[in-house]
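# Structural features, examined
Listed below are the residues making up each chain.
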Amino acid sequence: MRRLTLVLSLFVFAFVSNAAPANRGGEPRRSHHAVLTPVRALTDADRAELAAEGIEVGAPLSNGRHVVRIADDVVVSDSRIVSIEAMRPAQKVHASTYREFAKGRTMARVNVVFHKDVDFDAARASILAAGGVMDPFKVRFSPSQRVEVKVASSALEALAADDNVVAIAGVRNLRARSDNAVSAQTSHVTELYAAPYNLTGAGVTVSLFELAEGQASHVEFGGRLTVNATGGATSDKQHATHVAGTIGASGVRVDAKGMAPAVRIYQFCIQTPCGDDLSFLDDKDSKLEPLGVVADNNSWGFILGWNEEGGEQVWTDADIYYGAYDLYFTSPIDEISNDKDILFVHSAGNDADAPVFADEFSGHRHVNNDGDTDKTKLYCYSKNGSGTDCPATCTGGCETVKHHDTLPFDTIGVTAAAKNVITVGAVNQSGEIVNFSSRGPAKDGRIKPEVVARGANVLSSIPTNSYGRSSGTSMSTPVITGIAAMLTEQWRKTFAGATPKPVELKALIIASTQDLGNPGPDYTYGFGLANAKTAADLIIADGGAGTRIRTLGFPNGQGSTQEFRISVPSTQNVRVVLQWNDPAIIPSPTSDDEIADVALVNNLDLRVVGPDNTTYQPWVLDKAAPNANATKGVNTIDNTEMVDITNAAPGLYRVIVTGTKVTDGPQSAVVVTSVPVSVVAPCSDLQEPNNAVANAYGNLTGGSPITGAICTDGDLDFFKFLATETGPMSVTITAGDTPLRVTLTGTGISRTQDIAAGSTATLNADVNSVPNAITLRIEAIGTRGDAPTYTFTPAFGVDAGTRRRSARH
């Protein structure tokens, strides 16, 4: 059975126009919502043309589809559309709704999600009209236009038939728990306290969500910790204070100093008894932005697999949500991150370890339909695989298949599986993964975790004005939150007081990692160990000029490209990271437990082309082989792409980012490079115009070098000279960073040669008839570089004329 204990809420969202499409006479046309599957990603022009036809394109769904509002009188006949399917009432009701009614309740709690253009009063009217009951004191939507209501099964059809409604789903009651098991030195934060950085996190605000109130009065915080919670278990209070201390303890006890010792911290709560159930996503949506929060720490997760209770192992049967992109938790976190510009930092979880059983048959409990442990039955594992060898005490059954036998992989928490969060695993002081640290992949193969930090035997503050050591991804996650605060302070110094966007912080943290484990990223260490100093150095090296950190934009549609050059001054390793915040999506109601099979909406692709035209592709992982080394190729599932070039030769490299498929744009992206962006002088060609034989530059003098350039795509340069003596002739030409094709023509002469970028070649010919008008044609073959110049020197025979003896008088 799947564990359903803590009530948390469904999130689905969509956008539709508030007004129905108008007909040519200006009168409103009746319309309804539908699901559109396009042939390709729709451009802005496509959307405008479809709107004129009576089809308004709205929010993205998985697999490139859209919610649309379509006029009832539209007859669909458009080459851009594969299909438009009506949003039938039965399709709006998710399977979890029926599970609520299966519990035998007259009125079941469900979540009703409305379109974006529906105001709260209209939503209330829809609920009441269908016979639903809602909190009379509620005056606003929860995130993503959601309202929790009680409804009878007889009213379900009427509610689903309302065109204001996007979806109806049951509650998901997963029980939360903290992720517990010299951090600043391991992630190179210590160097940032001293000159030239002098960083402390001063002026920066972060938040954290916990299961109990932390000690705001602890001597390490000096009034910088505000706790918006009361109560909770003693162990959870220790956890909250410990996490807050790892983020920002001032260092009253030197060895317990936090990452950002002057940062401002606000703490909120996940569930009762220290807060209200169902409120934590509402709090993230409404309370953090007004406080100026730049990063939000989440050192907790939901119980999805094994859980120890009273010395017994309990199988909770919710492992389908490991690494899942769902509409209850994952999708709304992505939406809030995009809307509020907050970097959500999540612990990967501590579920990688196999459980320890008390007996040889691995006796354990299961949970019932309400998510409570069933103490009346003991389940065991068959030792010989027959299912009949278990002792009589195993009253629940003798199981032949082990629960979640993919350990340690496929154990990432459901909230940590969001696309736009940064998920953190735990290593020890030596940089080795600790056994409990949860590992990827995400269900759709995305790289999780993204980074690791020290999470073993970490010393930090605990109540009351004391200190203690703890281990877990709970301890590694606040390291990254503290680093985000320090990088924000450095960013504000460098960028004239501006605050970095969460996508910029995430890109910097990933770009500065130290690779651990398999070469390249993997599902254990992610991209590697966080290095705060390297990230701060990238900000300083950029100087606010876009020389290391660049923002690009891509319109709706497919195939748009952005390109720039980076300069490698000497042989060195080069890293380029592409990062974007991808739109949240609505997983299909027909999918298993409303989990998206593909989470990515907008697919951007990164490649780097070297000065010798070698193309370098990003890292790619295979979810079917989670322990295998990464390969390099086209990445179609991650919204982080990294290109690593080992021992890159000096020269100019082209960084090319393509908006391969932008379903819900415009899409912005950040590119971070370990080497500077090239600053190129304007291209000039003194011989222009010489783009045709008729206006060829010349006549040239033999032996004199000429410099030119291909300054525009498709440019042709023509030169002419006149040979008046027979015999050999030649043209020696050196190309800049652009490969060239050189053609020499004249009477009895026809020579063509391709010249690679940065190389020199000579064209030779024989002049057999004179006078001979010779033409030299130069053109680019391939992409023009930043310095598309060339130099050539012709050598040919010229009659000097008849010599006469000077006259004497």
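Here's what I pulled together on the structure shown here.

Cut-offs applied
Residues numbered from 1 in each chain as written. Predicted model: local features only at pLDDT ≥ 70, side-chain atom pairs only at ≥ 80, totals over all residues. Heavy atoms only, no water. Helix = DSSP H or I, 4+ residues; strand = E, 2+ residues; numbered from the N terminus. Buried < 20%, exposed > 50% of the residue type's maximum accessible area, 1.4 Å probe, protein only. Areas by Shrake-Rupley, 256 points an atom, 1.4 Å probe, with all protein chains shown as cover. Lys, Arg positive; Asp, Glu negative; His and termini not counted. Charge placed at Lys NZ, Arg CZ, Asp CG, Glu CD. Disulfide = S-S within 2.5 Å. Contact = heavy atoms within 4.5 Å. Pairing = 2+ DSSP bridges. Phe/Tyr/Trp six-rings, centres within 6.5 Å; stacked < 30°, edge-to-face > 60°. Expected span 1.5 Å × (residues − 1). Arc of directions from axis to C-beta. Axes fitted to C-alpha atoms, helices over the stretch in contact; angles between N-to-C directions. Left-handed = near helix turned anticlockwise from the far one by under 90°. Nonpolar A, V, L, I, M, F, W, Y, C, P; charged D, E, K, R; others polar. Parallel < 35°, antiparallel > 145°, perpendicular 65-115°, else oblique. 1 Å grid on protein atoms, 1.4 Å probe; cavity = no way out; pocket = protein on both sides within 12 Å on 5 of 7 lines; lining within 4 Å. Points joined across faces, edges and corners; volume = space filled by probe spheres on them.

## Considerations on the overall build of the protein
Tallying secondary structure elements over the protein gives 13 helices and 44 strands in all. With respect to the three principal axes, the spread of C-alpha positions in the protein is 135 × 75 × 60 Å. When the 809 residues of the protein are sorted by exposure, 57% land in the buried category. Carbon and sulfur atoms make up 49% of the accessible area of the protein, which amounts to about 31200 Å² in all. Separation between the mean location of the 68 positive side-chain charges and that of the 88 negative ones in the protein comes to 3 Å.

## A short note on the state of the cysteines
Considering all chains together, one arrives at 2 disulfides under this definition. Covalent S-S linkage joins cysteine 380 and cysteine 394, the inter-sulfur distance amounting to 1.8 Å. Across the S-S bond linking cysteine 380 and cysteine 394, the dihedral sits near -80°, which makes this disulfide left-handed. Here cysteine 380 is found in strand β21 (residues 379-381), whereas its partner cysteine 394 is found in the loop between β21 and β22 (397-399), with 14 residues between them in sequence. Between the sulfur atoms of cysteine 390 and its disulfide partner cysteine 398 the distance amounts to 2.0 Å. Across the S-S bond of cysteine 390 and cysteine 398 the torsion is about 70°, and the bridge reads as right-handed. There is no split in this pair, since cysteine 390 and cysteine 398 are both buried.

## What about the side chain of aspartate 319?
Considering the arrangement of structural elements, one finds aspartate 319 in the loop between β18 (312-315) and α10 (330-340). A relative accessible area of 18% places aspartate 319 in the buried class. In this structure aspartate 319 touches Leu304, His404 and Lys443, once residues within four positions along its chain are discounted.

## Digging into the sheet that holds strand β31 (residues 615-616)
Sheets are built from strands paired through backbone hydrogen bonds, the pairs being either parallel or antiparallel. Taken in spatial order, the 4 strands make up an open sheet running β28-β35-β30-β31, and their pairing is antiparallel. Both edges of this open sheet fall to β28 (560-568) and β31, since each of them pairs with a single strand only.

## Topic: the packing of aromatic side chains
A complete count under the given rule lists 15 aromatic pairs for this structure. Where tryptophan 306 meets phenylalanine 357, the ring centres are 5.3 Å apart and the plane angle is 80°; that geometry is what we call edge-to-face. A residue pair is termed long-range when its members are at least 10 positions apart, and tryptophan 306 in strand β17 (residues 306-309) and phenylalanine 357 in the loop between β19 (343-347) and β20 (365-366) qualify at 51 residues. Summarising the aromatic geometry, the rings of phenylalanine 719 and phenylalanine 792 are spaced 4.9 Å apart at their centres and angled 65° between planes, so their arrangement reads as edge-to-face. You can see phenylalanine 719 sitting in strand β38 (residues 716-723) and its partner phenylalanine 792 sitting in strand β44 (residues 789-795), a full 73 residues away along the chain. Taking relative accessible area as the criterion, phenylalanine 719 reaches 0% and is therefore assigned buried.

## Considering the pairing of strand β26 (residues 466-470)
Taken residue by residue, a regular strand's side chains alternate between the two faces of the sheet. Pairing of strand β25 (residues 458-462) with β26, which is carried by 5 bridges, proceeds in the antiparallel orientation. Residue pairing in the sheet places serine 460 in a bridge with glycine 468 of β26.

## Thoughts on helix α7 (residues 234-248)
Given 3.6 residues per helical turn, the α-helix brings residues three or four places apart onto the same face. Between the first and last C-alpha of α7 there are 21 Å, a value that for 15 residues agrees with the 21 Å anticipated at 1.5 Å per step. A large share of α7 lies buried, amounting to 11 of its 15 residues.

## Details of helix α1 (residues 44-53)
Of the residues making up α1, those classed as buried are Asp46, Arg47 and Leu50. The arc enclosing the buried residues of α1, seen along the axis, measures out at 95°, which places them on a common side. Buried residues along α1 sit against β3 (55-60), β4 (66-71) and β5 (81-86). The first or second residue beyond α1 is glycine 54, which carries a positive phi of 105°.

## With respect to the sheet that holds strand β42 (residues 760-767)
Strand order in the open sheet formed by 4 strands is β37-β44-β39-β42, with antiparallel pairing between adjacent strands. Each of the sheet's edge strands pairs with one partner strand only, and the pair in question is β37 (706-709) and β42. Averaged over all adjacent pairs, the angle separating strand axes in this sheet is 20°, with direction ignored. In this structure, strand β39 (residues 727-735) lies alongside β44, joined through 6 bridges in antiparallel fashion. Bridging across to β44, valine 731 finds its partner in proline 794.

## What to know about the packing of α7 against helix α11 (residues 473-494)
Where α7 meets α11, the axes come as close as 7 Å, and the angle between the chain directions of the two elements is 35°. In terms of crossing hand, the pair formed by α7 and α11 is right-handed. Residues His239, His242, Val243, Thr246 and Ile247 of α7 touch α11, and the partners they reach there are Ser474, Met475, Pro478, Val479, Thr481 and Gly482. The residue inventory of the contact of α7 with α11, partitioned by class, reads 5 nonpolar, 6 polar and no charged.

## What about the side chain of threonine 205?
Relative to the helices and strands, threonine 205 resides in strand β12 (residues 205-210). Taking relative accessible area as the criterion, threonine 205 reaches 12% and is therefore assigned buried.

## Describing the packing of α11 against helix α12 (residues 502-511)
Between α11 and α12, the least distance of the axes is 10 Å, while the angle of their chain directions is 110°. Compared by their axis directions, α11 and α12 come out roughly perpendicular. Where α11 abuts α12, its residues Ile480, Ala484, Leu487, Thr488 and Trp491 lie against Glu504, Leu505, Leu508 and Ile509. Class assignment for the residues of the contact of α11 with α12 results in 7 nonpolar, 1 polar and 1 charged.

## Considering empty space enclosed by the protein
Here the largest cavity defines a volume of roughly 60 Å³. Taken together, Lys419, Arg446, Ile447, Lys448, Glu450, Phe527, Asp638, Asn639 and Thr640 make up the lining of the largest cavity. Grouping the constituent residues of the lining of the largest cavity by class yields 2 nonpolar, 2 polar and 5 charged.

## Quick word on the pairing of strand β8 (residues 146-152)
Among the 7 residues that make up β8, 6 are buried, leaving the element largely enclosed by the rest of the structure. By the bridge criterion, 7 bridges tie strand β6 (residues 107-114) to β8 in an arrangement that is antiparallel. Each residue of the ladder has a partner; that of valine 112, found in β8, is valine 147. Bridge count for strand β7 (residues 133-134) against β8 is 2 bridges, and the pairing is antiparallel. Note that in β8 the partner of valine 133 across the bridge is lysine 150.

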